[in-house]
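What follows is the residue order along each chain.
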Amino acid sequence: MSNAKVVLEPAFQGAGHKPGTEIWRIEDFKPVALPKSDYGKFYCGDSYIVLQTTCKGGAYIFDIHFWIGKDSSQDEAGTAAIKTVELDSMLGGRAVQHREPQCYESDKFLSYFKPCIIPMEGGFASGFKKPEVDKFEIRLYICKGKRAIRVKEVPFARSSLNHDDVFILDTENKIFQFNGANSNIQERAKALEVIQHLKEKYHDGVCAVAIVDDGKLQAESDSGEFWVLFGGFAPIGKKTISDDDVVLETTPPKLFSIANGQLKLEDTALTKSILENTKCFLLDCGAELFVWVGRVTQVEDRKAASAAVEKFIIKENRPKTTRITQVIQGYENHTFKSKFESWPVSSTAGSASTEEGRGKVTALLKQKGVDVKGITKTSVPVNDEVPPLLDGGGKLEVWCINGSVKTALPKEELGKFYSGDCYVVLYTYHSADKKEEFYLTYWIGKNSVQEDQEAAFQIANTTWNSLKGRPVLGRIYQGKEPPQFVALFQPMVILKGGTSSGYKKFIEEKGLKDETYCADDVALIRISGTAVHNNKTLQVDAVPTSLSSTDCFVLQTKNSMFLWNGNSSSFEQQQWAAKVAEFLKTGVAVKHCKEGTESSIFWSSIGGKQSYTSKNAAPDAVIREPHLYTFSLRNGKLEVTEVFNFSQDDLLTEDTMILDTHCEVFVWMGQCVETKEKQKAFDIGQKYVQHAMAFEGISPDVPLYKVNEGNEPCFFRTYFSWDNTRSVIHGNSFEKKLSVLFGMRSEGGNKGSSGDGGPTQRASALAALSSALNPSSQGKQSDERPTSSSGDSEHSQRASAMAALSSALNTSSKPSSTQSHSGQGSQRAAAVAALSNVLTAEGSHSPLHSRSSPTADAEKTELAPASPHQLETGPEDVRTEPDVSQEQTANENGGQTTFSYERLISKSTDPVSGIDYKRRETYLVDSEFETVFGMTKEEFYEQPRWKQELQKKKADLF
């Protein structure tokens, strides 16, 4: 193959030249580029090609997905597959290829289009279904998935609902979320993101949002309004299992070699060495199939492999929607590699792609007229960016560990670490928002004994528990100190030897020389860092070969102190060297000598003049993209699943997550994780480190942290677009998201199902009563309601119905022996009020209800005390007067107690003083209040508190 790649398809010209997403739709069997404005729009009758380009380590990495709509023709799907191969060929034949059937898309594909994609009916060949401008069509969607959510439109009918899933009903003026009684909390939370998406996309950001909980009795008009749209309340059926609900089981991987279109099972342990570069292989994992392609395989072999895999799916009776991922040798993704027992990382891994990527970048620079002379393949870009460091001015405490005893270091010793010892470090500080934070770590010297290492962990963990889990707790090995740790010490010096009795005993038993640093002995200290966060100061052997032209050194003798500056050392290093000399021997005169001007005393102190290196030290590990994982333990083995294109929203409060930045590993624990599980965080983290060592080449000594939700440090938050308010909100995932997105709170609270069918039973009872009261609603969906010939008869019937409901509820609540008698009465009263509101919602517009009777008035009076607003809120929630007295307000504003809307809003350029800023709306005159809120003050304060707060936020009076 020639070096110049031929563009097989004109539509692909320029593809993959920059990071991002590119999409083509198959039209008349040709790929046609979609305009950016149509990204995320997929039609069921079409097939698409999606290219995702990312830049890693100076090279471009490609993922090509071909999406097949459920109504797309076989020819269109085939064209998408063929064109995907052509695009891959144009990009150098190293892209990972993904087959994406509609409704069964991979999490990675869906992560490009957050929060979701909602495929639309129609397509290029059959004609697109264009909505009528003046007519809004009500749509019902089902939502599935904890992180990558899959949204599917279902028929707008009661029969589509069930108790196990989450549904969204999108109407012209309001979006309802229906939470099945048995639905997943995290799916409920994700559905809220879909609602926000619908609200912004189809309602211009202006639309009411309502939550309807299955089986919950609420006297909210939202619940009644929801059921009215379905023709009135009635029982909803049990969930019927469809193809969408069949979750393919992940099975132990089986490897098949493919030769001449035939599959042969490789009955041996799965290791990387089995894969031959002249063959293709099929890795069967049950839920997903991988096709591995050797670098030197022929095109015919690859085509035969694809055909063999298709036959395999048919023979094994696998669904046609089975996902297939094709990887090329040398560019395997983490998911594929993790299926093997190990995946050795060679020292040259990725070098070819890096060089190719660098060449591509250079070519692009030349096209733009940039001078690229001097850019060599060995040049390392200087990264001047300072990582997030802990705020200064805090309290630093360090304890040296000696068996089970910890000894606090005096202030003048802070910064001295012996390689034979272990230490516990606690830094207490206040962050920018005045919050007290803790950075707690234990440091392990490379020559320390196991007893001290275990004691350091136990002492650090005890400290963590005593501070109620608020600190970030880290394990740090010598030589892998992160910037935040190094920056605490000015300077940090690692010295030879140790002071603990365990270390002394160890070297004595081994017959080793005790090289523990002493201020009166000869010692050579190397300084190779350039800033507060990366100064690396280490005692080395006091011999000439330890010297390097790129570093500075402090040579200490009994009577002298030399500061030796290498010819290639930086000014910052020289400054640090002077600081280290003063730190080790305060007040001692320092003799400065530049490389090449050393005195005979200098050389004699380290054994005489000899040659040493003048080369640059090898750079640290390549900086890689951070990855967020969920995990599970299967037979003691850790299995991880990547969360692609992650954000703060993916940190779900019920979960424990792993964030791998390659420079450190974090185990993040949500507020709702059980305490005993939190104690296992380091065990989980260590299992992950061992896993990543085998498959990603991570260092076994990488810093390992455990972090509690709400106490995330700055160096964790930097990997997210962080919003501090989200991490301090209490509640489950759904309640948190409800509060963040819509300023609402969950009326139902965090109450799990009793497991005895309680919600469903109550819902059925309510449905039966609804049927008794509204027989006309059966069999038809009409807002009309027949008038009764006798008003008294109607009231009598309603009273009987309410009595029936009360009895039903009373029966269902009997198993609960802990509930007080008064609590039962309130619950029943609330239930009766709820039913009354729900069932009379339809009839409120009837002429029958336009006039009141003494009986009706009495009924209202009887039910009023049981309104849920009054039951769920205390006396402080119904107050309408501000905390600041009118007199005080008048005194500070020249006698004025009402003000214009422009002066009361929180972002006012002429704000009012002397008011209760939490009750800004009370200072509006009545007429302007009605203009702002669209209702009177009385009507406003009759609403639930959360509704008041939401409306105040929208009006900027919060």
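In this convention, every chain numbers its residues from 1, walking through the sequence in written order. Per-residue local features are limited, in this predicted model, to residues with pLDDT of at least 70; the limit for side-chain atom pairs, both in listing and counting, is 80 or more; totals at the level of whole chains, interfaces and linings are taken over all residues. Values reported for side chains reflect all heavy atoms of the structure, with hydrogen atoms and water molecules removed beforehand.

(A) Representation of the overall build of the protein. Of regular secondary structure, the protein possesses 27 helices and 34 strands. Total accessible area on the protein stands at roughly 47,600 Å², and carbon and sulfur atoms take up 50% of it. Secondary structure elements follow DSSP: runs of H or I no shorter than four residues count as helices, runs of E no shorter than two count as strands, and numbering proceeds from the N terminus. Method for areas: the Shrake-Rupley scheme with a 1.4 Å probe, in which residue coverage is limited to the protein chains shown.

(B) Examining the sheet that holds strand E30 (residues 627-634) more closely. Read from one edge to the other, the open sheet built from ten strands follows the order E19-E18-E21-E22-E23-E34-E33-E32-E30-E31, with strand pairing classed as mixed. Unpaired on one side and paired on the other, strand E19 (405-408) and strand E31 (637-643) mark the two borders of the sheet. The average undirected angle you get between the axes of adjacent strands in this sheet is 25 degrees. The rule for pairing is simple: two strands pair if DSSP sees at least two bridges between them. Pairing analysis gives five bridges linking strand E32 (residues 656-660) to strand E33 (residues 665-669), with the strands arranged antiparallel. Considered in E33, the bridge of Met657 is made with Trp668. The contact criterion used is simple: two residues touch if any of their non-hydrogen atoms lie within 4.5 Å. Where helices are involved, their axes are fitted lines through C-alpha atoms of the stretch in contact, as for all axes, and angles between N-to-C directions lie from 0 to 180°. Contacting strand E18 (395-402), E19, strand E21 (422-430), strand E22 (436-444), strand E23 (472-477), E33 and strand E34 (704-708), helix H8 (residues 450-466) crosses the sheet at an angle of about 170 degrees to E22.

(C) Highlighting the sheet that holds strand E28 (residues 561-565). Ordered in space as E20-E24-E26-E25-E27-E28-E29, the seven strands form an open sheet in which the pairing is mixed. Bordering the open sheet on either side are strand E20 (416-418) and strand E29 (591-594), each of which pairs with just one other strand. Pairwise comparison of adjacent strand axes, ignoring direction, gives a mean angle of 25 degrees for this sheet. The pairing of strand E25 (residues 523-527) with strand E26 (residues 537-540) spans four bridges and is antiparallel. Looking at E26, one finds that Ile527 is bridged to Thr537. Across the sheet, helix H11 (residues 571-584) is in contact with E20, strand E24 (493-495), E25, E26, strand E27 (552-556) and E28; its angle to E27 comes to roughly 20 degrees.

(D) View of helix H14 (residues 681-696). Compared with the 22 Å implied by 1.5 Å per residue over 16 residues, the 21 Å span of H14 between its first and last C-alpha is a close match. For every residue, the accessible area obtained with a 1.4 Å probe (protein chains only) is divided by the maximum for its type, and the residue is called buried under 20%, exposed over 50%, and partly exposed between those limits. Every buried residue of H14 is listed here: Ala681, Phe682, Ile684, Gly685, Tyr688, Val689, His691, Ala692, Phe695 and Glu696. In the stretch just after H14, Gly697 is the one whose phi turns positive, near 70 degrees. Each residue after the first adds 1.5 Å to the expected span of a helix.

(E) View of the nonpolar core. Counting residues in hydrophobic clusters, the biggest one holds 51 residues, and the most contacted among them are Tyr439 and Phe485. Here, nonpolar core refers to any group of buried Ala, Val, Leu, Ile, Met, Phe, Trp, Tyr and Cys residues whose side-chain atoms link them within 4.5 Å. Formed by 31 residues, the second largest nonpolar core is a distinct cluster that contains Trp399, Ile459, Phe682 and Ala692.

(F) Quick look at the pattern of salt bridges. We define a salt bridge as a contact between a side-chain nitrogen of Lys or Arg and a carboxyl oxygen of Asp or Glu at a distance within 4 Å. Applying the stated criterion across every chain yields a total of 34 salt bridges. The network of salt bridges with common partners includes Lys114, Lys190, Glu193, Asp650 and Lys737.

(G) The arrangement of the packing of aromatic side chains in detail. Classification of ring pairs rests on two measures: the distance between centres of Phe, Tyr or Trp rings, Trp counted by its six-membered ring, which must be within 6.5 Å, and the angle between planes, read as stacked under 30 degrees, edge-to-face over 60 and tilted in between. A full pass over the atoms with the stated rule returns 55 aromatic pairs. Judged by centre distance (5.3 Å) and plane angle (55 degrees), the rings of Phe336 and Phe340 are tilted. You can call Phe340 buried: its relative accessible area is 1%. Arranged with centres 6.3 Å apart and planes meeting at 70 degrees, the rings of Tyr442 and Phe682 form a pair that is edge-to-face. Here Tyr442 is found in strand E22, whereas its partner Phe682 is found in helix H14, with 240 residues between them in sequence. As far as burial versus exposure is concerned, Tyr442 and Phe682 are alike and both buried. Members of the aromatic cluster, joined through ring pairs, are Phe156, Phe167, Phe176, Phe178, Phe226, Trp227, Phe230 and Phe233. Cation over ring: Lys416 sits above Phe583, and NZ or CZ is 5.6 Å from the ring centre. Put simply, a charge is over a ring when the Lys NZ or the Arg CZ is close to the ring centre, within 6 Å, and near the line of the ring normal, within 35 degrees.

(H) Region of interest: the environment of Lys594. If you trace the backbone, Lys594 turns up in strand E29. You can call Lys594 exposed: its relative accessible area is 52%. Between the C-alpha atom of Lys594 and that of Gly566, which follows or precedes it by 28 residues, the distance is 6.5 Å.

(I) Spatial organisation of the confidence of the model for the protein. Along the chain, pLDDT gives the predictor's confidence residue by residue, from 0 to 100. Mean pLDDT for the protein: 79, with 76% of residues reaching 70 or above. Here residues 1-6 scores under 50 on pLDDT; set against residues more than four positions off or in separate chains, the count is six contacts. Across residues 748-879 the pLDDT falls below 50, and counting only partners more than four positions away or on other chains, this stretch makes 118 contacts in the model.

(J) Representation of the pairing of strand E3 (residues 47-56) within the structure. The element E3 is extensively covered by neighbouring structure, given that seven of its ten residues are classed as buried. Pairing geometry for strand E1 (residues 20-27) and E3, over six bridges, is antiparallel. Counterpart to Trp24 in the pairing with E3 is Ile49. Where E3 meets strand E4 (residues 59-68), ten bridges bridge the pair, whose relative direction is antiparallel. Across the sheet, the residue bridging to Thr54 is Ile61, located in E4.

(K) Seen up close, a negative patch on the surface. Taken together, the side chains of Glu930, Glu938, Glu939 and Glu942 define an acidic patch exposed on the protein surface. Assignment of secondary structure puts Glu942 in the loop between helix H26 (937-941) and helix H27 (945-954). For Glu942, a relative accessible area of 60% corresponds to the exposed category. Excluding any residue in a salt bridge, patches collect residues exceeding 30% relative accessible area, merging like charges within 9 Å and nonpolar Val, Leu, Ile, Met, Phe, Trp and Tyr side chains within 5 Å. The sign given to each residue is positive for Lys and Arg and negative for Asp and Glu; His and the chain ends receive no count. Positions of charges follow a simple convention, taking NZ of Lys, CZ of Arg, CG of Asp or CD of Glu.

(L) Inspection of unusual backbone geometry at higher detail. The peptide bond linking Lys114 to Pro115 adopts the cis configuration, its omega dihedral lying at 5 degrees. Within the secondary structure, Pro115 sits in the loop between helix H2 (107-111) and strand E6 (122-123). Phi at Lys468 is positive, roughly 60 degrees, even though this residue is not glycine. Inspection of the secondary structure assignment puts Lys468 in the loop between H8 and E23. Here Asn645, not a glycine, exhibits a phi torsion of approximately 45 degrees, which is positive. Within the fold, Asn645 resides in the loop between E31 and E32. Asn645 gets classed as partly exposed once you look at its relative accessible area, which sits at 44%.

(M) Fine view of helix H4 (residues 221-229). Taken together, the buried positions of H4 are occupied by Asp222, Ser223, Gly224, Phe226 and Trp227. Downstream of H4 by one or two residues, Gly231 has phi in the positive range, about 90 degrees.

(N) Local environment of the environment of Lys30. In this fold, Lys30 is placed in strand E2 (residues 30-33). On a C-alpha basis, the gap between Lys30 and Ala80 in space is 8.5 Å, while along the polypeptide they are 50 residues apart.

(O) Representation of the side chain of Asn162 within the structure. When you line up the elements, Asn162 lands in the loop between strand E9 (150-154) and strand E10 (166-170). Nitrogen and oxygen atoms within 3.5 Å of one another constitute a polar contact, given that in protein one can donate a hydrogen and the other can accept it, and given that sequence-neighbouring residues count only through two side-chain atoms. One polar contact links the side chain of Asn162 to the main-chain amide nitrogen of Asp164, over a distance of 2.8 Å. A polar atom in the side chain of Asn162 sits 2.9 Å from the backbone nitrogen of Asp165.

(P) Layout of the packing of helix H3 (residues 185-202) against helix H17 (residues 733-742). Between H3 and H17, whose axes approach to 7 Å, the crossing angle comes to 20 degrees. If you check the angle between H3 and H17, you find them roughly parallel. Considering only the axes of H3 and H17, their crossing is right-handed. From H3, Ile185, Gln186, Arg188, Ala189, Leu192, Glu193, Ile195, Gln196 and Lys199 reach across to H17, where they touch Ser733, Phe734, Lys737, Leu738, Leu741 and Phe742. For the contact of H3 with H17, the residue count by class is eight nonpolar, three polar and four charged. Here roughly perpendicular refers to angles of 65 to 115 degrees, roughly parallel to angles under 35, roughly antiparallel to angles over 145, and oblique to all remaining angles. Two helices that cross are described as forming a left-handed crossing if the nearer one is turned anticlockwise from the farther one by less than a right angle, and a right-handed crossing if clockwise. Residues are grouped as follows: Ala, Val, Leu, Ile, Met, Phe, Trp, Tyr, Cys and Pro are nonpolar; Asp, Glu, Lys and Arg are charged; every other residue, Gly included, is polar.

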